[in-house]
Each structure stands twice: as structure tokens, then as C-alpha cells.
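A closer look at the structure
Read off the chains here:
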Amino acid sequence: METLVRIAEALGRFSARYVPGSFAIAVLLSLFTMGLAVGWTDTPAPRVLDAWGAGFWELLSFSMQMALVMFTGYLLALTRPVRALLEWLAGLARGPRSAVVLMALVSMGLAYLNWGLSLVASAMLVRFVARRRPEVDYRLLVACAYFGLGATWHAGLSASAPLLVATPGHFLEKQLGLIPIERTLLSPFNLGLTAAVVTGLTLLAWALHPGPERAVRVDPKVLERFQDFEPPERPVGHSPALWLDYAPVLTTVFGVLGLVWFARALWLGGGWKALNLNAVNFLFLTLAVLLHGTPARLLKASEEAASVLHGIVLQFPLYAGIYGIFKATGLTERIGQLFVSLSTTATFPAIVYLYSGVVNYFVPSGGSKWAIEAPYLLEAARALGVAPEKVVLAYAWGDMATDLIQPFWALPLLAVARLDFKDILGFLLVAFVFYLPLVTLAFFVWG
């Protein structure tokens, strides 16, 4: 146990000294991808530059969706009922080790249900646990809040690739047909592997917490920013405008209409299968409007919620530029061909898992990346005699594996926690070193 702590701390010191901030990482990855495209695909440098610049705007709608995930979740967390729930959850932690175990379980459990929900709720819970248990190692606490995005989301109920191939009319239906989730997400292999990973990472979180004399506590200045939200006071006077701003009439009407629409969407869409990023954002916004009570309170809360969006606005376009390079230069196909050439029928699922993890580090977008990679991966699987559901699951697990060591999805969490990625990377690297061989071995055995 102490050895693991020392390894994590050594990796943390290394990352603090040599790993730059998340924006610098995005720029370096952009330059590396440009060089790879020019050198490996023989694409002229001007064309690579054009693909990079055009790619900046490929994911605008997705970037706005992600901003709304953070914004609406933050708004919701500032309401009285949600704050009370988070305080109750934080109170379950009886000490530093139980605090990080609680955080890991909440993060991975919620990510299994819905990755957007996990991203928001885990970020908010960090604040409450840090206030209740300031003696906890704050770096490890924030790292555990990120476990769900790297360990369970693409094996759960909001998994992009498995849900897509189970949906009538998907873009590969003529080639592939429909693959029901009973063969992917609800298969014994996937459920068993998910249980093993959750158990392993939870125990790892417990083992990684350093002793009291070595724990890095939350900065008191950061803790001060976690104080309770203060709603605006109603000005003196009487007027129709004041009444509308400080009465719950409009927010109640909006909230009821929103909940009715959401219930109809679920009913008509087949229940939880209708959940997607837009539906989650709509629900969070509706609940936030309803629970804040008045437009004035809601507007003041929105000012605080908007303060955590800078990382998304600044850095998501850079990753969209990397996506543009992969999409326009054939770099994805080159990497895929290399991995396929190294495969056999038995090793192909594990190779797809590793390949998906490599590409995900450069293009961390599971759904859009699947559209690029699926045709040639499934064709290779057909040639090798590998069942398509194995390819889908291998892709899904690989797609989230390198999220543990990639700052893209951590940006909203880091904005709320007031840390940089290098502050938590040491612990995440230890988790990655545990997680990668375990899942790779599982796919080798399954293959």
C-alpha cells in the first residue's frame, strides 16, 4: 500500500515538473498529429493545415452541449434540494479513505447510468466532500471523481457505439444488421468486466490515500470559493417587474412544461433508451429553473455557473482541429491497418481495444470516432471470423481507457475543483497502469 502511494507521488512530482497544463497538452497533441499526418499519410502540409483549421468548427454543437452539461449541472447543484442531497452524500464519508472510496463509487456508478450525469454530479460532490473532510488528499479525491469517465461510461447505459448499433436505421445497418444490447452491454462478459474494474479501482482508491502527514489538503482559498450560494435580496418596492422577477410563477410554469415534455419524450422514445445528451441537458435545465424558484435567483446562480466554462470554450476547438486532421487525411485508416496487420482471430478484440485507446487519446469523441473507424474494423473482423459484437465492445472499452490520462473530459471537473490536470495525473497514471493490463487480458481471453 505504501509502495503504491510512493509511486503515485513520484509520478505526481514528475507530472508537476514535466507535464504542462491542459491547454499546452492540446497544442502539443495538435502539432504531433500534424507531423504524423504529413509523415505517414503523405498528405501535403498545406492540406493538413487546412484540415486542422476547418476541423475547429466540426464539433461546435458538441462543444455547446458539453458547456450546457457543466452549466446546467452547476445550476442544479446550487438549488437547495440538490445541495442537501450532496451534503448527505458527503456526510457518508467517515474519514479520508472512505471519502475517496465514496467518490470513486459515485463517479463510476453514475457514469454507468449516464456519463453526463457523472461528469456533473462528481464535480459538484468534490466540493461538498472537501468541505466535510478537508483532511482528505484533495488530488486523489478529484482523480477519483474522474474514474467514471475512464472506467464505466462506455460499458453502461449511455454507451455510444453499443447503443448506436442497436438502433434501427443506424448507418451500418445494411452491412451489419442490428446488434441488440443483450449481446453487448448486457452480455455476461461486459457485466463481469465492469464489476471487476469497479471493484479493482475502488480498492485502489482506498490503497492510494497517503498518511495524514503526506496528504495534500485542499487550498483554503479554494475552499472559501465553495461557500454556500447566496440568493439575491428582493429590492424594496412594488411593481409588476419586481413581482415577475421575485415570484415563482414563471419558473413554475416553465418547469412543469419542461417536465411534461421530458416525460413524453421518454414515453414515446422507449423509456431510458431515449436518453441522450440533449435530453439530459433539457432535464437539468428544467429542474434548475423549477427548483431555484424565482427568475432573480436563477439569474444570479447562472453567473456563478458560467465561471467554470472557460476550459471548454478555449480547448474544445483544439481537439476538434485534431479530429479534422484524422478525418481528412486518412490517418485513422493507417493506424487501423497497422493494428489489423498485427492481428489474428484470437487477438483481434484485444488489438481493437488497444487501437481504440490510442486513437482516443488524440480524438476523444466516442460517437464521431466510431463513424470513422467502424467500417474497416468490422470488415477486418468479418475477414478474420470475429463476431461483430466483440468488435463493438472492444472499441467501446478502448475508447474510454485513455480518458483516464487525457485531460479533454476532465476540463469541467478541473474547472470546478480549481486544479490543473497535472495535479491529478500521478494518481490517474497508477489507475491506468492497473486498468489497462486487466482489460487487455480480458479481451485476449474472450478472443
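The structure under discussion appears in the preceding block.
Residues numbered from 1 in each chain as written. Predicted model: local features only at pLDDT ≥ 70, side-chain atom pairs only at ≥ 80, totals over all residues. Heavy atoms only, no water.

What follows is about the overall build of the chain. For the chain, the helix and strand inventory stands at 24 helices and zero strands. Reported as C-alpha extents along the three principal axes, the dimensions of the chain are approximately 75 × 55 × 50 Å. Per-residue burial over the chain gives 55% buried out of 447 residues. In the chain, the share of contacts with a sequence separation of at least 24, taken over all contacts with a separation of at least 6, comes to 82%. Surface accessibility of the chain: about 18700 Å² in total, with carbon and sulfur atoms responsible for 68%. Seen as two clouds, the 31 positive and the 27 negative side-chain charges of the chain have centres 3 Å apart. (Helix = DSSP H or I, 4+ residues; strand = E, 2+ residues; numbered from the N terminus. Buried < 20%, exposed > 50% of the residue type's maximum accessible area, 1.4 Å probe, protein only. Contact = heavy atoms within 4.5 Å. Areas by Shrake-Rupley, 256 points an atom, 1.4 Å probe, with all protein chains shown as cover. Lys, Arg positive; Asp, Glu negative; His and termini not counted. Charge placed at Lys NZ, Arg CZ, Asp CG, Glu CD.)

Both the distance between ring centres and the angle between the ring planes are used here to describe each pair of aromatic rings. Under the defined criterion, the tally for this structure stands at eight aromatic pairs. Site record: aromatic cluster; members linked through ring pairs are Phe189, Tyr353, Phe443 and Trp446. Cation over ring: arginine 97 sits above tryptophan 206, and NZ or CZ is 4.9 Å from the ring centre. Lying over the aromatic face of tryptophan 446, lysine 390 brings its terminal NZ or CZ to 5.3 Å of the ring centre. (Phe/Tyr/Trp six-rings, centres within 6.5 Å; stacked < 30°, edge-to-face > 60°. Lys NZ or Arg CZ within 6 Å of the ring centre and 35° of its normal.)

Right, let's talk about the pattern of salt bridges for a bit. Here the structure, examined in full by the defined rule, presents five salt bridges. Among the ionic pairs, glutamate 87 bridges to arginine 132, the shortest N-O distance being 3.4 Å. Residue glutamate 87 is found in helix H5 (residues 80-91), and its partner arginine 132 is found in helix H7 (residues 115-132); the two are separated by 45 residues along the sequence. By relative accessible area, which is 22% here, glutamate 87 ends up partly exposed. Note on arginine 132: relative accessible area 44%, which makes it partly exposed. The closest approach of N and O atoms between arginine 133 and glutamate 135, which form a salt bridge, is 3.4 Å. Taking relative accessible area as the criterion, arginine 133 reaches 22% and is therefore assigned partly exposed. Residue glutamate 135 is classed as partly exposed on the basis of its relative accessible area of 22%. (Salt bridge = Lys/Arg side-chain N within 4 Å of Asp/Glu carboxyl O.)

Most of helix H8 (residues 138-145) sits out of view: eight of its eight residues are buried. Buried within H8 are the following residues: Tyr138, Arg139, Leu140, Leu141, Val142, Ala143, Cys144 and Ala145.

Looking at the element boundaries, serine 343 is found in the loop between helix H19 (331-341) and helix H20 (348-362). For serine 343, a relative accessible area of 12% gives the class buried. Filtering out sequence-adjacent residues up to four positions away, serine 343 remains in contact with Phe348, Ile351 and Leu384.

Turning next to a nonpolar patch on the surface. Residues Trp243, Leu244, Val249, Leu250, Val253 and Leu257 make up a contiguous nonpolar surface patch of about 560 Å² in total accessible area. Of all elements in the fold, only helix H14 (240-246) and helix H15 (249-269) reach the threshold of two or more residues within the nonpolar patch. Examining the composition of the nonpolar patch, we find that four residues originate from one element, H15, more than from any other. With respect to the element layout, valine 253 can be found in helix H15. (Patch = residues over 30% accessible without salt bridge, like charges linked within 9 Å, V, L, I, M, F, W, Y side chains within 5 Å.)

Moving on to the nonpolar core. With 135 residues, the main nonpolar core has Phe147, Trp397, Tyr435 and Phe443 as its most contacted residues. Among the elements that take part in this core, helix H24 (residues 421-446) stands out by supplying twelve residues, more than any other. What phenylalanine 443 contacts, discounting residues up to four positions off in sequence, is Phe189, Leu193, Pro349, Ala350, Tyr353, Lys390, Leu393, Ala394 and Trp397. (Core = buried A, V, L, I, M, F, W, Y, C linked by side-chain atoms within 4.5 Å.)

This brings us to the packing of helix H6 (residues 96-113) against H8. One can describe the packing of H6 onto H8 by two numbers: an axis separation of 7 Å at closest approach and a directional angle of 20°. Considering the angle they form, H6 stands roughly parallel to H8. When the axes of H6 and H8 are compared, the crossing they make is right-handed. Taking contact as the criterion, the partners of Ala99, Val100, Met103, Ala104 and Ser107 in H6 are, on H8, Leu140, Leu141, Cys144 and Ala145. Taken together, the residues of the contact of H6 with H8 sort by class into eight nonpolar, one polar and no charged. (Axes fitted to C-alpha atoms, helices over the stretch in contact; angles between N-to-C directions. Parallel < 35°, antiparallel > 145°, perpendicular 65-115°, else oblique. Left-handed = near helix turned anticlockwise from the far one by under 90°. Nonpolar A, V, L, I, M, F, W, Y, C, P; charged D, E, K, R; others polar.)

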